[in-house]
Amino acid sequence: MKKYLLTFGLILSVAISPEFIALADSEQSGGPQMIAVGQTTSNRDSRPKAPSRQSIYCYYDGSSLYFSFAYSEGDCDLTVSSASGIQFYTFSSDAPESVFIGAVSGASITILTEAGNTYVGEIE
């Protein structure tokens, strides 16, 4: 019984760690906006494959986009499309990266990686 309580306590302490609480507070108070980025195409053939373990964390703070790839995919071409036009940027997925894009809303982002994968997301 003690083992289960200890395990539950450890899981609970990680779930309410200061980083998660700070992120939740910043999103509620108008802080960084988390952007869901999903894969659209792959460099693989048409055979069915297991789901990708790639995770891309993307945040927008009102002027910059922040990216962190779980697995590096080399250099990336970023396209930001909004009512004010289309902007192009390049960044590396080897380490967490930030790209200054200025103030935009209602924009779509497209990331084309050197590995041949394409990811898309929306800035609200």
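Residues numbered from 1 in each chain as written. Predicted model: local features only at pLDDT ≥ 70, side-chain atom pairs only at ≥ 80, totals over all residues. Heavy atoms only, no water.

Draft legend 1. Region of the structure containing the packing of aromatic side chains. Scanning the entire structure with this criterion turns up three aromatic pairs. Taking the centre distance of 6.4 Å and the plane angle of 80° together, the rings of Phe69 and Tyr119 count as edge-to-face. Here Tyr119 lies in strand β9 (residues 118–123) and Phe69 lies in strand β4 (residues 64–69), a separation of 50 residues in the sequence. For the pair Phe69 and Tyr119, one class covers both residues: buried. Of the aromatic side chains, those joined through ring pairs into one cluster are Phe67, Phe69, Phe91 and Tyr119. (Phe/Tyr/Trp six-rings, centres within 6.5 Å; stacked < 30°, edge-to-face > 60°. Helix = DSSP H or I, 4+ residues; strand = E, 2+ residues; numbered from the N terminus. Buried < 20%, exposed > 50% of the residue type's maximum accessible area, 1.4 Å probe, protein only.)

Draft legend 2. Broad picture of the nonpolar core. The biggest cluster of nonpolar side chains holds 20 residues, and the ones touching the most others in it are Leu65, Phe67, Leu78, Ile109, Ile111 and Ile123. Leave out the neighbours within four places in its chain, and Leu65 touches Ile35, Cys58, Tyr59, Tyr60, Leu78, Val80, Glu97, Ser98, Val99, Ile101, Ile109 and Ile123. (Core = buried A, V, L, I, M, F, W, Y, C linked by side-chain atoms within 4.5 Å. Contact = heavy atoms within 4.5 Å.)

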